[in-house]
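Here are the chains, one letter per residue:
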Amino acid sequence: MERKRSVYMDHAATTPVRPEVARAMLPYFSERFGNPSSLYSLAREAKEAVEEAREHVAAAIGASPEEIFFTSGGTEADNWAIKGTAAASRKKGDHIVTSSIEHHAVLHTCRSLEKQGYRVTYLPVDGYGRVEPERVEEAITDATILVSVMAANNEIGTIQPIRAIAEVAHDHTIPFHTDAVQAIGAFPADVDEMRADLLAISAHKFGGPKGTGALYIRRGTRITTFMDGGAQERGRRAGTENVPGIVGLGRAIELAVAGMPRNAPRLAAMRDRLIRGILEAIPDTRLNGHPTERLPNNVNVAFRYVEGESILLMLDALGVAASTGSACTSASLEPSHVLTSCGLPHEEAHGSLRLTLGYANTGDDVDYVLEVLPGIIERLRAISPLRGEA
Ligand SMILES: *Cc1c(COP(=O)(O)O)cnc(C)c1O
């Protein structure tokens, strides 16, 4: 008999707020509710909490606090980085270089700029989802004003050679933006090491609250204001600060980075056990993404002859929460743009499953998935109309 359990393996979509983070946030909803812009001690308390969080975020990525700007999340940070650079550099040029496997927060922002007359190159990736720095070099023209490549992919976990890509951009005095939302807490994301001029983060991907993030803007980078209004965020992103959210972001990033040396290898060991176990137990299966240059928590496997959505439903019935790719596309029938960019045929892209681990997952969770998954695939394949065509 299969045991009914509850196993959450979709940490690339979102993570639970860590109890320490929730505790740190709580007073800022109630007794410390002041508006940081006001001039009495209640307000100063809130202002100080925001500035302390800014210091934590800065320390986590090797930046100065004045280079950190709080936003409503990773999506806003990506929008600001790209649209703000495009607007500030319109006279200089109208061309942006990015990759074909970016998160929709980057891709759809670029598409929106194309409608305004900007030109965008979407670089191809290799079979593992890597952007080759030489491709960036070839794509750059005199009109290029920004290179934007994500640090690590949310669907397949592939880690990009960010520093080499940034150096190509800098050789042409072009600023470099990276969506580092999946990198925080997974591997050291230092803005100087990565040579990033702009870097986007999101709290809810590493144990913080949803709706809070930050954009790192290197001193001297040309970028317009994102939100007009009051003088918050040194006049560059108006709106009364989300004080509890910002406090949560600060505490969460502190914990994520401090816990990384212990947590990342533990997750990587569970990841590798899952990958090996699945590939060994189930035929006609292959790993998506890079075998080693990969986020420590990411497993993404293609199963031939089955639909990813059917696997998800059967896993859910057995208490396992997983994904076929990005949460943002799970309602659409289009195969993942990331998997098709890696060269997967549509039917294999449709038959892919993503399991992303988090700090609360245990070896028992891994055992459970390895116990139930082969039977699920076998049952689905037995009734699969795709199988006969092979
Ligand atoms: C989740 C995610 C985002 C969006 O962040 P939100 O805070 O949810 O808006 C952007 N990029 C990547 C790579 C992500 O995984």
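Along each chain, residue indices are assigned from 1 in the same order as the chain's sequence is written. Reporting of local features is limited, given that this is a predicted model, to residues whose pLDDT is at least 70; pairs of side-chain atoms are given and counted only at 80 or more, and all residues count toward the totals for whole chains, interfaces and linings. Only hydrogens and water are removed before side-chain values are computed, so all heavy atoms of the structure are retained for them.

Where an unreviewed UniProt entry is consulted, the protein chain appears under the name Cysteine desulfurase IscS, with the organism given as Methanoculleus sediminis. Quoted verbatim from the Catalytic activity (unreviewed entry) field of UniProt, the annotation for the protein chain is "(sulfur carrier)-H + L-cysteine = (sulfur carrier)-SH + L-alanine". Comment text from UniProt for the protein chain, heading Subunit (unreviewed entry), reads "Homodimer. Forms a heterotetramer with IscU, interacts with other sulfur acceptors." UniProt positions are given in the numbering used here, feature names are shortened, and annotations may be inferred rather than shown by experiment.

J.: Would you take a moment to explain the site of the ligand for this structure?
T.: Near the ligand lie 13 residues; those nearest to it are Thr75, Asp179, Gln182, Ser202 and Lys205. Note that an oxygen atom of the ligand is positioned 2.7 Å from one of the side-chain N or O atoms of Lys205. Bound to the protein, the ligand loses 88% of the 380 Å² it would expose on its own. A class-by-class count of the residues in the shell around the ligand yields 2 nonpolar, 8 polar and 3 charged. What makes a residue near a molecule or strand is one non-hydrogen atom of that residue sitting within 4 Å of it. Whenever two N or O atoms come within 3.5 Å, that pair is a polar contact, provided that in protein one can donate a hydrogen and the other can accept it, and provided that, for residues adjacent in sequence, both atoms are side-chain atoms. Reported accessibility uses the Shrake-Rupley method at a 1.4 Å probe radius. Residues are deemed covered only where the shown protein chains occlude them. As a working rule, the residues Ala, Val, Leu, Ile, Met, Phe, Trp, Tyr, Cys and Pro are called nonpolar, Asp, Glu, Lys and Arg charged, and the rest polar, with Gly in that last group.

J.: Is there a simple way to explain the layout of surface pockets in this structure?
T.: The method is simple in principle: a probe with the dimensions of a water molecule rolls over the atoms, and the space it marks as empty is what remains. Two kinds of site are reported from a 1 Å grid over the protein atoms alone, namely cavities, where a 1.4 Å probe fits but cannot get out, and pockets, open sets with protein on both sides within 12 Å along at least five of seven lines, and residues are called lining when an atom falls within 4 Å of a point. Grid points are joined across faces, edges and corners, and a volume is the space filled by probe spheres set on the points. Each pocket or cavity is described by its volume, and for the largest pocket that value is around 440 Å³. Lining the largest pocket are 28 residues; nearest its centre among them are Gly185, Phe206, Asn263, Leu267 and Tyr359. Residues belonging to the lining of the largest pocket are distributed by class as follows: 15 nonpolar, 9 polar and 4 charged. Either an automatic procedure or a domain database provided the assignment from which the domain bounds are taken. Built from parts of two domains, the lining of the largest pocket gets at least three residues from each of domain 1 (7-15 + 260-389) and domain 2 (19-256).

J.: Quick question: what am I supposed to make of the packing of aromatic side chains here?
T.: For any pair of aromatic rings, the description rests on two quantities: the centre-to-centre distance and the angle between the ring planes. What counts as a ring pair is set by centres within 6.5 Å for rings of Phe, Tyr and Trp (its six-membered ring), and what kind of pair is set by the plane angle: stacked under 30 degrees, edge-to-face over 60, tilted for all other angles. For the structure on display, the rule yields 2 aromatic pairs. An angle of 75° between the planes, with centres 5.7 Å apart, marks the rings of Phe69 and Trp80 as edge-to-face. With Phe69 in strand β2 (residues 68-71) and Trp80 in helix α3 (residues 74-88), this residue pair connects regions lying 11 residues apart in the sequence. For the residue pair Phe69 and Trp80, the accessibility class agrees, reading buried in each case. Pairing Trp80 with Phe226 gives two aromatic rings, centres 6.0 Å apart and planes at 35°, and the pair type is tilted. A run of H or I in DSSP counts as a helix once it spans at least four residues, and a run of E counts as a strand once it spans at least two, with each numbered from the N terminus. Relative accessible area decides the class of each residue, using a 1.4 Å probe on protein chains only: under 20% of the type maximum gives buried, over 50% gives exposed, and in between gives partly exposed.

J.: What's the story with the pairing of strand β3 (residues 95-99) in this structure? I'm lost.
T.: Here is the key point about a regular strand: its side chains alternate between the two faces of the sheet. Buried residues dominate β3, accounting for 5 of its 5 residues. Note that β3 and strand β4 (residues 119-123) share 5 bridges and pair parallel. Looking across to β4, one finds that His95 is bridged to Arg119. Here a crossover is taken to be right-handed if, once the strands point away from the viewer, the path from the first strand over the helix to the second is traced clockwise. Following the backbone out of β3, through helix α4 (residues 104-115) and into the adjacent parallel β4, one traces a crossover that is right-handed. Any two strands with at least two DSSP-identified bridges between them are counted as paired. Looking at chain direction, β3 and strand β5 (residues 144-148) are connected through 4 bridges and run parallel. Paired with His95 across the bridge in β5 is Thr144.

J.: Just to check I follow, could you spell out helix α8 (residues 243-281) for this structure?
T.: Structurally, the α-helix is built with 3.6 residues per turn, so residues lying three or four positions apart point the same way. With 39 residues, α8 extends only 49 Å from end C-alpha to end C-alpha; this falls clearly short of the ideal 57 Å at 1.5 Å per step. Two axes define the bend at a residue: one fitted to the seven residues ending there, one fitted to the seven starting there, and the bend is the angle between them. At Met260, α8 is deflected by roughly 70°, the largest bend along its length, and proline Pro261 occurs up to four residues later in sequence. The backbone nitrogen of Gly245 lies 3.0 Å from a side-chain oxygen of the residue at the head of α8, namely Asn242. In this analysis, the expected span of each helix is defined as 1.5 Å times one less than the number of residues it contains.

J.: Would you take a moment to explain unusual backbone geometry for this structure?
T.: Among all residues save glycine, negative phi is the norm, and among peptide bonds the norm is trans. The phi torsion at Arg195 lies on the positive side, around 60°, for a residue other than glycine. Within the element layout of this structure, Arg195 appears in the loop between α7 (191-194) and β7 (198-202). Not every positive phi belongs to a glycine, and Arg234 is a case in point at roughly 50°. Note on Arg234: relative accessible area 43%, which makes it partly exposed.

J.: Explain the pairing of β2 to me, please; I cannot follow it from the model alone.
T.: Both faces of β2 are covered, namely the face carrying Ile68 and Phe70 and the face carrying Phe69 and Thr71. Pairing of β2 with strand β8 (residues 213-217), which is carried by 4 bridges, proceeds in the antiparallel orientation. In the sheet register, Phe69 faces β8, and the bridge partner there is Leu215.

J.: Is there a simple way to think about the nonpolar core in this case?
T.: To form a nonpolar core, buried Ala, Val, Leu, Ile, Met, Phe, Trp, Tyr and Cys residues must be joined to one another through side-chain atoms within 4.5 Å. Core analysis: the largest hydrophobic core is formed by 65 residues, its most contacted members being Ile68, Phe70, Val147, Phe176, Phe187 and Leu199. Whether two residues touch is decided by their heavy atoms; if any such pair falls within 4.5 Å, the residues are in contact. Leaving out residues up to four positions away in the same chain, Val147 has contacts with Val97, Val136, Ile140, Ile165, Ala169, Ile174, Pro175, Phe176 and His177. Within the second largest apolar cluster, 29 residues are counted, among which are Leu353, Tyr368, Val369 and Ile377.

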